[in-house]
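# Observations on the model geometry
Each chain, written out:
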Amino acid sequence: MKFIGFVKSNLGPNETYEQVLKELDQRGFEINFSKHQWMGDTLFGLIIVETNRGEITIRWHLNQKFELRLEEVCKNDFDEFIEDTLEYLSGD
């Protein structure tokens, strides 16, 4: 399975990353690998996680409180979500 996620966070980039991993663990995902990418001058980032239940990619942005929403998607939508987010992060 593949999942995309959306996070609103009132935390900084590193704390958001840690909170997302903690939240996934609490939802029963065993994390095998994860990475985090963001730009220092934007309040926006991308987290990619490999788990026992499938791959997850999460787009986050700063907001008033922490909130995580996950959706199961097909491979094409998953790949497109990553590409779109990376393009945005790189400024292309």
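Located above this text is the structure these notes cover.
Below is a summary of the structure that appears in this document. (Residues numbered from 1 in each chain as written. Predicted model: local features only at pLDDT ≥ 70, side-chain atom pairs only at ≥ 80, totals over all residues. Heavy atoms only, no water.)

## As for the overall build of the protein chain
The helix and strand inventory of the protein chain stands at two helices and five strands. Of the regular secondary structure in the protein chain, the N- to C-terminal order runs β-α-β-β-β-β-α. With the C-alpha coordinates aligned to their principal axes, the bounding extent of the protein chain is approximately 35 × 30 × 20 Å. A buried classification covers 37% of the 92 residues belonging to the protein chain. A total accessible area of about 5500 Å² is found for the protein chain, and carbon and sulfur atoms account for 45% of it. Across the protein chain, the 10 positively charged side chains and the 18 negatively charged ones have centroids separated by 6 Å. (Helix = DSSP H or I, 4+ residues; strand = E, 2+ residues; numbered from the N terminus. Buried < 20%, exposed > 50% of the residue type's maximum accessible area, 1.4 Å probe, protein only. Areas by Shrake-Rupley, 256 points an atom, 1.4 Å probe, with all protein chains shown as cover. Lys, Arg positive; Asp, Glu negative; His and termini not counted. Charge placed at Lys NZ, Arg CZ, Asp CG, Glu CD.)

## Examining the pairing of strand β3 (residues 44-51)
If a strand is regular, its side chains alternate between the two faces of the sheet. Among the eight residues of β3, seven are classified as buried, and the element is accordingly described as predominantly covered. Relative to β3, strand β2 (residues 31-38) is paired through seven bridges, and the arrangement is antiparallel. If you follow F33 over to β3, its bridge partner there is E50. Counting the residues in the hairpin turn of β2 and β3 gives five residues. Relative to strand β4 (residues 54-62), β3 runs antiparallel, the two being bridged by eight bridges. Across the sheet, E50 pairs through a bridge with E55, a residue of β4. (Pairing = 2+ DSSP bridges.)

## Quick word on the nonpolar core
By size, the foremost hydrophobic cluster in this structure holds 13 residues, and its most contacted members are V7, V20, L24, I47, V49, I56 and I58. Mapped onto this core, the elements with two or more residues apiece are β1 (2-9), α1 (13-26), β3 and β4. For V49, the residues in contact, after removing those within four places along its chain, are L21, L24, I31, F33, S34, G54, E55 and I56. By size, the runner-up hydrophobic cluster in this structure holds nine residues, among which are F44, L46, F81 and L89. (Core = buried A, V, L, I, M, F, W, Y, C linked by side-chain atoms within 4.5 Å. Contact = heavy atoms within 4.5 Å.)

## Details of the sheet that holds strand β5 (residues 67-73)
Strand pairing in a sheet takes place through backbone hydrogen bonds and is either antiparallel or parallel in direction. Read across the sheet, five strands follow the order β2-β3-β4-β1-β5 without closing on themselves; strand pairing throughout is mixed. Both edges of this open sheet fall to β2 and β5, since each of them pairs with a single strand only. Across the sheet, the axes of successive neighbouring strands diverge by a mean angle of 20°, strand direction being ignored. One ladder, built from eight bridges, connects β1 with β4; its direction is parallel. Residue pairing across strands places F3 opposite I56, the latter belonging to β4. On top of the sheet, helix α2 (residues 75-90) reaches β1, β2, β3, β4 and β5; it is set at about 145° to β3, its chief contact. (Axes fitted to C-alpha atoms, helices over the stretch in contact; angles between N-to-C directions.)

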